[in-house]
Every structure is written in C-alpha cells, then in structure tokens.
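A structural walkthrough
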Amino acid sequence: MTLGDLPATADVVIVGAGSAGCVVAERLSRNPDRTVLLIERGSSEWPTEAVRDLRGLPIALGSPYAVPHEEPSGLAVVRGRGFGGSSSVNGGYFLRWHADDFADWPAGWRIDEIGSSYAELDARGGTMSVSPFADGELAEVTARFESYWSGIVPVRPPDDAWPIVGLNRVRSNRDGMMRRTAAEAYLRDALGRTNLTICADAEVAGLRRSGAQVTGVVVGDTVVGAGEVVLCAGAIGTAVILLRSGLGGPTDRDVLAVREHREVLVHYRSRVDGPPTALLQSVVHTADDLEIRCYSSDMARYIKGLPPVGPAIGVAAMRPGTRGTVRMAGGGPIVDLGVVDVAEAARLDRGVATVADMLRSPVFADIVEPGSVAVDPVVRTSQHAWGSMPMGPRTDELGAVVGVRGLRIVDGSILPTAGRSGPHATIMMVACRIADVLAGR
Ligand SMILES: Cc1cc2nc3c(=O)[nH]c(=O)nc-3n(C[C@H](O)[C@H](O)[C@H](O)COP(=O)(O)OP(=O)(O)OC[C@H]3O[C@@H](n4cnc5c(N)ncnc54)[C@H](O)[C@@H]3O)c2cc1C
C-alpha cells in the first residue's frame with residue numbers, strides 16, 4: 001500500500017474506499033498495466049476489531065469512522081468513512097433485493113448475471129463471508145417475532161439467498177461477530193500491487209474539467225490527472241463532488257435528488273434482558289412493500305451517547321422510497337430527506353398498527369410490559385440514501401455519466417429503483433458487475 005504523496009496522474013482515479021470503491025479498486029488493479037489511484041477522505045488506520053464488532057454501531061458523534069450530515073428536520077444522517085466506508089459501520093444486514101425488484105433496471109442487467117454477482121459476495125465461501133443468524137444466536141424478542149409471523153406468512157429457509165414476501169431471517173456479512181467489511185474482503189489482498197496507490201486522509205474537493213471532458217480530481221491544492229474518474233463516494237459524497245463541480249440536477253445544477261427508506265419505530269418496555277447480539281436478525285417483507293424490522297435491543301445499546309428509550313420494532317417503507325434532496329449551502333451539504341407522501345404515510349400507519357397488535361399478542365405477553373407500547377411520532381431514516389444519479393436518466397448501465405466524458409459513478413447513487421431489502425448487498429453486487437465489465441476492456 002502506498003499512503004501519502006499523490007501521484008500526478010493515474011489511468012483510473014477512484015474516489016472513496018467504501019462498499020463499492022474497494023471492489024472497483026481491486027478489480028481494475030488486477031491488470032498490472034493499468035495504474036489505479038484510490039483516494040479516501042477517512043483515516044489510513046484500518047477499522048479495529050472493536051469497531052467491526054456487530055454488537056455496536058460506531059457512528060456516535062465524533063466517531064472517526066462516520067460523517068454526520070445536516071438535515072433540516074433534525075434527523076441524524078450519517079455515512080461511513082475510512083477503509084470500508086459505510087460497510088465498516090453498518091448493521092451487517094446483507095440481504096439481496098427480491099429478484100423482481102430488478103424488473104425496471106436498464107437493459108444489460110439480466111437477472112442471471114445479477115445472481116452470479118450476488119453469489120460472488122454471499123454464496124458459501126463468498127467474499128463477504130455471509131451467513132444467516134443461527135437459531136441459537138437469536139435475541140429473545142427475535143425468537144418471539146419469528147414464532148408470531150411463521151404462523152401468518154411464508155417463511156424463507158435461512159440459507160435461501162433470495163428474499164420473499166414473508167419472514168426473512170437476516171443474512172449477515174461477518175466473521176463470527178465481526179463485520180466483514182468491503183475493505184477486508186477486497187482491498188487487503190490487493191495492497192501489495194505496485195500499480196495500485198491508496199491515499200487516505202485525502203478529500204476530493206471537485207473535478208477538473210475541460211468542457212464536457214473530466215480530466216482529473218482536485219485534492220487540496222493538487223490536481224491529479226486521470227484517464228477516467230470513478231466516483232465511489234456514496235450517494236451523498238458523490239452528490240457533493242458533482243454539485244461542487246457544476247454537475248448537479250438536469251434542471252437545477254445546485255440540487256440532486258436522493259431517496260431514503262423512512263421508518264417509524266414502535267417502542268415497548270422489555271421484561272427480558274439478554275446478552276448483546278447483532279442489531280437486526282429477522283425481518284418481514286409485506287405485500288405492500290414494508291419491511292418490519294425486529295431490533296434486538298434498545299438502539300442506545302449499539303450507539304454510544306444515545307439516551308435509552310427502550311427497544312423497538314421498526315416499520316420501513318421500502319418502495320418507491322421517499323424523495324429528498326442534496327444541496328450545497330455555505331460550503332457544506334444539506335441533506336433534506338423530504339416528507340412521506342399521503343399514500344406512504346397510510347401504508348406506514350397500517351404497518352404500525354400490525355406491529356402494535358403483534359406486541360400486545362399472547363406470544364409477547366411475558367416479554368413486553370403491559371401498557372408500554374408507544375409509537376415514536378418522528379418518521380426516521382434507515383441511513384440508506386441512494387439514487388442521486390440513477391442509471392438510465394443520469395448514467396448508462398455501467399455508470400458512465402450522461403453528457404460527460406471520463407466520468408463514471410459506481411456506488412449507491414446509481415441505483416435506479418428501490419428494492420425491498422436494504423441496499424448494501426445490492427450496491428456491492430452492482431460494483432462487482434460493472435467492475436467485471438470494465439476490467440475486461
Ligand atoms: C449506520 C448505517 C447503518 C447501515 N446499515 C445497513 C445494513 O445493515 N444493511 C444494508 O443493506 N445497508 C445498511 N446501510 C447502508 C449501506 O451501508 C450503504 O448504503 C452502503 O455501504 C453504501 O455504499 P457506497 O459504496 O455507496 O458508499 P460508502 O460505503 O459510504 O463509501 C463512500 C466512501 O467514500 C468516501 N468519500 C466520500 N466523499 C469523499 C471525498 N470527497 N473524497 C474522498 N473520499 C470520499 C467515504 O469516506 C466512504 O469511505 C447502513 C448505513 C449506515 C450509515
């Protein structure tokens with residue numbers, strides 16, 4: 001690994017060593033004749049085992065592994081930083097999207113190829129070391145959750161890779177209870193390659209352009225020339241770089257759209273207190289596109305500094321996703337997650353009512369304190385921001401930005417639709433697939 005001085009040029013400059021960026025850097029540097037520079041704003045220190053422990057989320061204010069973003073309604077919006085990006089701080093839930101979530105993707109995204117790229121990550125022996133939580137690992141509340149729902153909806157066998165409308169045991173990217181990050185899976189083994197230079201503690205401020213041609217990136221006072229720039233800075237980080245470079249929305253250059261899975265929490269007071277475990281081990285996907293999330297314990301157990309408010313079951317609206325915006329103000333980004341529309345609010349209300357009934361049912365009688373079920377009035381965020389530069393209207397099917405030469409995006413920004421599962425596995429699948437095609441060129 002080369003840390004430190006930036007080279008003057010590289011054939012490919014990749015911005016962001018997160019979930020997608022690690023995959024792209026590894027694939028493109030397999031060819032020793034291609035020089036690849038990977039630039040990451042976070043620290044050159046690799047996340048320690050304490051950071052990667054799934055029994056915590058290292059995103060508390062001041063964490064060196066997370067960047068908070070201002071949100072007008074006061075929601076805490078964070079993204080990961082450092083090697084692994086958000087894969088180093090996330091919940092470790094690694095579910096594919098449903099096979100029919102890809103129906104409206106651009107030509108070139110065939111379901112058999114999508115399946116093979118997912119399998120690279122999540123099949124037995126796959127790069128992300130994915131396995132379902134075992135029965136013996138489940139939190140008490142999760143065991144009750146599964147027992148309640150298994151009498152009502154279809155149940156996916158935990159080893160089946162594709163989720164279903166019904167009960168889905170979470171599959172997790174992990175080595176024991178350590179998150180398996182994209183950096184561990186892809187970057188570590190590529191560190192010795194002489195054609196791969198990695199510069200950490202270096203933030204890309206913008207793109208250098210000559211008309212419609214991107215010629216490099218700007219880092220502090222330095223310009224690094226690039227044959228091609230690949231933005232892997234995440235849906236918010238990439239949006240910020242584009243906005244700073246005059247490449248924002250098609251009608252308003254100062255704004256980019258972003259989508260989010262908004263979530264309502266149904267709290268209760270628990271009568272049991274089991275050993276700490278991963279945050280989310282089982283979910284139900286409903287026919288009306290909600291994800292009901294059984295959190296293992298109070299969020300305060302996972303994030304330092306949060307006041308304890310009791311455990312919760314989450315109800316998240318997965319498709320089509322709430323529309324928000326990213327815009328620059330005073331040099332920094334404002335991430336406005338927007339408001340849920342009437343139809344989405346009604347759907348969330350139905351899900352919340354279902355969850356309240358569940359918590360008051362006999363299955364939960366000895367773990368939920370009577371009279372303690374309460375709905376959080378705030379519609380929160382899943383920290384899933386995606387879709388600011390969707391494939392189709394804004395990029396081609398390989399992330400090449402429409403109307404600009406020498407610029408590609410490979411990260412959560414280019415997801416063109418919403419899925420019924422979280423985005424992590426799918427963003428990495430997209431990176432594998434695109435990087436495969438690019439590496440063969
Ligand atoms: C707290 C949290 C929990 C989550 N839990 C889950 C979950 O359990 N399951 C799930 O499916 N999804 C989850 N997600 C979402 C998922 O982790 C992300 O969608 C995914 O990791 C994003 O991948 P990415 O490659 O698009 O961006 P990231 O992984 O965020 O990578 C972007 C990288 O670019 C770097 N960067 C940004 N700007 C610059 C710049 N200007 N210069 C240089 N470097 C830059 C960042 O530091 C970062 O390392 C969670 C997200 C968070 C934040």
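Look a little higher up for the structure.
Here we summarise the structure given alongside this text.

Thresholds applied
- Residues numbered from 1 in each chain as written.
- Predicted model: local features only at pLDDT ≥ 70, side-chain atom pairs only at ≥ 80, totals over all residues.
- Heavy atoms only, no water.
- Disulfide = S-S within 2.5 Å.
- Helix = DSSP H or I, 4+ residues; strand = E, 2+ residues; numbered from the N terminus.
- Buried < 20%, exposed > 50% of the residue type's maximum accessible area, 1.4 Å probe, protein only.
- Pairing = 2+ DSSP bridges.
- Salt bridge = Lys/Arg side-chain N within 4 Å of Asp/Glu carboxyl O.
- Expected span 1.5 Å × (residues − 1).
- Contact = heavy atoms within 4.5 Å.
- Polar contact = N/O pair within 3.5 Å; in protein donor to acceptor, adjacent residues only side chain to side chain.

This brings us to the state of the cysteines. Summed over all chains, the structure comprises zero disulfides. Free of any disulfide, Cys 432 has its nearest neighbouring cysteine sulfur in Cys 22, separated by 11 Å.

In this model, Arg 319 is joined to Pro 320 through a cis peptide bond whose omega is 0°. You can see Pro 320 is positioned in the loop between β17 (312-317) and β18 (322-329). Of note, Ser 129 is a non-glycine position whose phi angle comes to about 50°, a positive value. Counting through the fold element by element, Ser 129 comes out in the loop between α3 (111-122) and β5 (130-132). Here Ser 129 falls in the partly exposed class, since its relative accessible area comes to 25%. Unusually for a residue other than glycine, Gln 383 sits at a positive phi of about 65°. As for its position among the elements, Gln 383 is in the loop between β21 (380-381) and β22 (407-409). For Gln 383, a relative accessible area of 25% puts it in the partly exposed group.

The next subject is the sheet that holds β5. Taken together, the three strands give an open sheet; going across it, the order is β5-β7-β8, and neighbouring strands pair in antiparallel fashion. Edge strands, defined here as strands with exactly one partner in the open sheet, are β5 and β8 (178-179). Across three bridges, the pairing between β5 and strand β7 (residues 171-175) is antiparallel. Residue pairing in the sheet places Ser 131 in a bridge with Ser 172 of β7.

Looking now at the pattern of salt bridges. Counted under the stated rule, the structure contains 30 salt bridges. The partner of Asp 175 in a salt bridge is Arg 52, and the shortest N-O contact between them spans 3.8 Å. Taken together, the residues span a long stretch of sequence, with Asp 175 in strand β7 and Arg 52 in helix α2 (residues 49-52) at a distance of 123 residues. Relative accessible area serves as the criterion here: at 32%, Asp 175 is assigned to the partly exposed category. Assessed through its relative accessible area of 8%, Arg 52 is described here as buried. The residue Glu 184 makes a salt bridge to Arg 188 at a minimum N-O spacing of 2.8 Å. Take Arg 188: its relative accessible area is 39%, and that puts it in the partly exposed class.

Once that is clear, we can look at the pairing of strand β16 (residues 290-295). Taken across its six residues, β16 has six buried, putting it largely inside the fold. On β16, burial covers both faces: Leu 290, Ile 292 and Cys 294 on one face and Glu 291, Arg 293 and Tyr 295 on the other are all buried. As judged from the four bridges shared by strand β15 (residues 280-285) and β16, these two strands associate in the antiparallel manner. Residue pairing in the sheet places Leu 280 in a bridge with Tyr 295 of β16. Hairpin connection from β15 to β16: four residues lie between these consecutive antiparallel strands, with Asp 289 at a positive phi of about 65°.

Helix length check: helix α7 (residues 342-359) (18 residues) gives 26 Å between terminal C-alpha atoms against 26 Å at 1.5 Å per residue, within 8%. Close packing links the buried residues of α7 with α4 (140-150), β14 (262-267), β16, β17, β18 and β20 (374-375). Backbone nitrogen of Ala 343 and a side-chain oxygen of the N-cap are separated by 3.2 Å at the start of α7; the cap is Asp 341.

Shape descriptors only; they carry no functional weight alone.
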